[in-house]
2 protein chains.
Amino acid sequence: MTGRTLHLNLFVYPGGHHEAAWRYHASAPERVLDLSYYVELARAAEAARFDAVFLADGPSLADDIAYATRFRLEPLTLLSALAASTERIGLVGTASTTYSEPYNLARQLAGLDHVSRGRAGWNIVTTGAPGAAHNFGLDAHPTHADRYARADEFLDVVTALWDSWEDDAVVGDRTTGQYADTSRIHRIDHVGPSFSVRGPLNTPRTPQGRPVYVQAGTSEDGRAFAARWADAVFAAHQSFDEAQAYYADVRRRAAAEGRDPDHVLVLPGISPYLGSTEAEAKALQRELDELTQPAYSIDLLHRLVGVLVTEAELDEPFPLERVADRGDEAESSRFRLVRDLAERERLTSRQLLHRLAGARGHLLVAGTPEQVADLVETWFRRGAADGFNIMPPYLTGGFTDFAEQVVPILQARGLFRREYTGTTLREHYGLPRPASQFAARRLSASR
Amino acid sequence: MTGRTLHLNLFVYPGGHHEAAWRYHASAPERVLDLSYYVELARAAEAARFDAVFLADGPSLADDIAYATRFRLEPLTLLSALAASTERIGLVGTASTTYSEPYNLARQLAGLDHVSRGRAGWNIVTTGAPGAAHNFGLDAHPTHADRYARADEFLDVVTALWDSWEDDAVVGDRTTGQYADTSRIHRIDHVGPSFSVRGPLNTPRTPQGRPVYVQAGTSEDGRAFAARWADAVFAAHQSFDEAQAYYADVRRRAAAEGRDPDHVLVLPGISPYLGSTEAEAKALQRELDELTQPAYSIDLLHRLVGVLVTEAELDEPFPLERVADRGDEAESSRFRLVRDLAERERLTSRQLLHRLAGARGHLLVAGTPEQVADLVETWFRRGAADGFNIMPPYLTGGFTDFAEQVVPILQARGLFRREYTGTTLREHYGLPRPASQFAARRLSASR
Ligand SMILES: Cc1cc2nc3c(=O)[nH]c(=O)nc-3n(C[C@H](O)[C@H](O)[C@H](O)COP(=O)(O)O)c2cc1C
Ligand SMILES: Cc1cc2nc3c(=O)[nH]c(=O)nc-3n(C[C@H](O)[C@H](O)[C@H](O)COP(=O)(O)O)c2cc1C
């Protein structure tokens, strides 16, 4: 395989991405708290030569736990357990810059990169759910702008911490008794509006130097942040045109920051419903949609766009005119996505809810393995994606079907790897390993 | 085996507990960043039917990294990886109440308890090293009293979070579509001087209900804290009499808190040097001591008791009169331990340094396997210990020797298990599983 390679992540959501997945007869809700379930999925993704498994997160409990498997297992402990159960696959976990301490999070991600020998990725979020604030002593969720300002400073801090040990700081000379060369371990002395952190980190530099930085913001602030920091961006798009425009925008912005646009991968989410015929695939989708509970979806829609529809209104056109003014949150990409979708396709409320039920706004594709592979290939070849975050509607079958039926087609078409060529996530993604900023500074000073 | 059972933990320190361990020819400093090293140790401890592996921690880098393997791998990620690599052994990790957010730490420990199916333990520390403050935006380390006050409130918060889901909150009824019974998931609504946390936790109740609480403070505040919260206490003693007095004190205090004293295990640290003769064991100890570096030990002593001796003074009696007044830190147990040791045994500075080099103040025993087993048995039978934290001077041989030579003697004497009888750490330690405080309240309200 030469030239560009497609990248694929498995986005694992406890029961599957469809909100009613856990009610589907072939899902396994009784296993969602058991490590063996996640090990099985990660190994299946590794056997299919996926780049990574990905776990979302938020530090609060969703109200709709009454209706769905919406608890959260802390991603970095779960991924560390998966690190010990797999060999090659990347391990991307979400953690919040709004509700974490940079020194602690830097240590945990360094720990994951060490135990996995270089397979750690960090999905950087500022946290969407406002309720998290109350678990951290705050009266209110900081504004969107404040969250991104803190996120930027957070990245300055943790990047410096991960760089604070140069690669060759550990000497380990038994004879002289020198374990580390402290001239290659640096305080970071960061003092800023949100953080004062002296450093250095208390862990030697990790196999990848830093975890791979992933980001999923699509607001103006989110895109600017991604252009500065992200190695890969996850996106939610409902149409090819939108995806293509986003793809071009991300690359343009990365170039404007002086970065190589090929080092910012764009990986939209896609939720595949597979069948041996298109009709069979659509029947699967319908079957899952019919298991949804109006109370759940009405609540989700309310949170996303501030409109509370009643059950009696479900089959009427979605009342766009009631979309609430969300203040600074109007910038939120999920908000825009839902509004635009309802507007463009003139959906009833129930139709809109089903579109969201599938994968909370991500693209749904129902078809034969060839049809799904065609979509993947088109987006990949025509400048809309470097790969995809695969979001199986239910688990584990919704993923193993993709792995067994779609992946071989992508391999046969020369789009996707048959074997891993590297050992780290950075290598899977085709990204260079960053040099420590302190090593670079020391070298340029000594010239 | 009937009656009381001895409990044994393996306290893993990267190169081994002797400060010069990494220089010893049979140690493996080149492996200390590699997961396989820790997996090998945890599996060896499990094969020997140990109760747990234990990892210490502190969120800052020790200055003496120049001389020894004094970095820190973040314990909860490392233990999660070990959870996936072992079946039965308990996994006890240290985390600080001074430098963590309770919601985040509660999630990580819940994650560890889930992925290990009930083997998580938490060594609760307020953090000894003052330098940590600078990594968390503070000008100075909070005082000893403030740290323990925060620790108490921290325990109120995380205990309530772990209790916030009752055991039967997850219903998972596919037919009705009810995933969780929200009347069994509780906000905690904690508002206190250090924390305001609404809850609930976003993770279902864990196999053990809560992780096992371990604590190692021996100051007045530390003992009071242990009496309230600890399921097990780790201690550092230099003599049997001291250990016996401490043992009685812990039990008395637990009883005064209305607790069953048998549910607070006392597990002192012990660093065993083994040989086929006593002389051989002492030669091993001498060999390691001779690898120590005065600069390292002088620095350690300075940090512990505030006395900076010069290399020229090393063979003179330790200058007790120069022991500095440490203000509130005078309460620190490690400080008292060092001062008392120097006073009681009238050591030279070099002798004192060697005593500390072995295991930073913990008991050193050099002898044959029978001699070490005798000491273990005496302390266990004569009311000085319920078991031990085994601190091998070097790794991995310093541990495998203990497992192969001492453990069989303890088993033959009927002191130690030959097989695990339970699957959780709580069961290994003979502790009951706690009920959720919210379940208890709901039940008593409905009576
Ligand atoms: C694939 C994907 C995964 C995401 N995962 C999370 C997550 O785990 N936690 C979270 O708080 N937000 C998550 N988000 C939301 C984004 O981080 C971001 O907040 C959202 O897209 C709004 O963008 P904006 O903040 O730039 O407006 C995710 C978004 C996408 C597209
Ligand atoms: C076996 C053992 C392990 C300990 N591990 C840690 C540790 O990992 N991190 C830490 O900050 N303190 C650790 N300590 C120190 C204690 O938590 C405590 O701070 C110290 O014994 C002083 O007690 P005091 O705070 O009650 O004065 C340990 C102590 C012992 C005996």
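The residue numbers shown here count from 1 along each chain, following its written sequence. For this description, chains carry letters from A and ligands carry numbers from 1, given in the order in which they are written. Local features in this predicted model are restricted to residues whose pLDDT is 70 or higher, and side-chain atom pairs enter the listing and the counts only when it is 80 or higher, whereas totals over whole chains, interfaces and linings include all residues. The basis for every side-chain value is the complete set of heavy atoms in the structure, and neither hydrogens nor water enter the calculation.

Chain A has the name Monooxygenase in an unreviewed UniProt entry, where Cellulomonas biazotea is given as its organism. UniProt positions are given in the numbering used here, feature names are shortened, and annotations may be inferred rather than shown by experiment. Check the Sequence similarities (unreviewed entry) section of the UniProt entry for chain A; it says "Belongs to the NtaA/SnaA/DszA monooxygenase family."

Asker: I'd like to hear about the site of ligand 1, residue by residue, with values.
Answerer: Residues and elements named next belong to chain A. Distances are taken per atom, and a residue is near a molecule or strand as soon as one of its heavy atoms is within 4 Å of it. Of all residues adjacent to ligand 1, which total 24 residues, the nearest are Ala56, Asp57, Tyr148, Ala216 and Ser219. Any N or O atom pair separated by 3.5 Å or less is treated as a polar contact, with the protein-specific requirement of one donor-capable and one acceptor-capable atom, and with residues adjacent in sequence counted only for side-chain atom pairs. Contacts to ligand 1 include Ala216, whose backbone N or O atom sits 2.9 Å from an oxygen atom. Only DSSP runs of H or I covering at least 4 residues are called helices, and only runs of E covering at least 2 are called strands; the numbering of each starts at the N terminus. Among the elements of the structure, strand S4 (120-125), helix H4 (144-163), strand S10 (232-235) and helix H9 (333-345) are those that each provide at least two residues to the shell around ligand 1. Three classes are used, and their members are as follows: Ala, Val, Leu, Ile, Met, Phe, Trp, Tyr, Cys and Pro are nonpolar, Asp, Glu, Lys and Arg are charged, and the others, Gly among them, are polar. Classifying every residue of the shell around ligand 1 by side-chain character gives eight nonpolar, 13 polar and three charged.

Asker: Give me the lowdown on empty space enclosed by the protein, citing residues and values where you can.
Answerer: Throughout, the protein atoms alone are placed on a 1 Å grid, and a set of points is a cavity if a 1.4 Å probe fits but cannot get out or a pocket if it is open with protein on both sides within 12 Å along at least five of seven lines; lining residues have an atom within 4 Å of a point. Grid points are joined across faces, edges and corners, and a volume is the space filled by probe spheres set on the points. Per the stated rule, a full pass over the model turns up eight cavities of 30 Å³ or more. Asn104(A), Gln108(A), Asn104(B), Leu105(B) and Gln108(B) are, among the 30 residues lining the largest cavity, the residues nearest its centre. Those elements that place two or more of their residues in the lining of the largest cavity are helix H2 (75-85), strand S3 (90-96) and helix H3 (102-115) of chain A together with helix H2 (75-83), strand S3 (90-96) and helix H3 (102-115) of chain B. Here the residues of the lining of the largest cavity are counted per class, giving twelve nonpolar, ten polar and eight charged.

Asker: Could you give an account of the pairing of strand S4 (residues 120-125) of chain B, naming the residues involved and the relevant values?
Answerer: All names here are of chain B. Using a 1.4 Å probe on the protein chains alone, a residue whose accessible area is under 20% of its type maximum counts as buried, one over 50% counts as exposed, and one in between counts as partly exposed. The element S4 is extensively covered by neighbouring structure, given that five of its six residues are classed as buried. With six bridges joining them, S3 and S4 adopt parallel strand pairing. In the sheet register, Gly93 faces S4, and the bridge partner there is Trp122. Handedness of the crossover is the feature at issue here: the chain leaves S3, passes through H3, returns alongside S4, and the resulting connection is right-handed. When DSSP finds two or more bridges between a pair of strands, those strands are recorded as paired. The pairing of S4 with strand S9 (residues 212-215) spans four bridges and is parallel. Considered in S9, the bridge of Gly121 is made with Val212. A clockwise path from the first strand over the helix to the second, with the strands pointing away from the viewer, defines a right-handed crossover.

Asker: Can you lay out the relation of the copies chain B and chain A for me, pointing to particular residues and giving the numbers?
Answerer: Under the fitted operation, chain B is carried onto chain A by 0.0 Å of movement along the axis and a turn of 180°, and the coordinates agree to an RMSD of 0.0 Å. On the angle and the small slide along the axis, the relation comes out as a two-fold axis. When each C-alpha of chain B is compared by its distance to the rotation axis, Ala81(B) comes out closest, at 2.1 Å. Taken together, the interface assignments show that 100% of the residues at the interface of chain B recur at the interface of chain A, consistent with an identical surface on both copies. Each copy is superposed on the other by least squares, with the fit set by C-alpha atoms of residues at a pLDDT of at least 70 in both. Whether two residues touch is decided by their heavy atoms; if any such pair falls within 4.5 Å, the residues are in contact.

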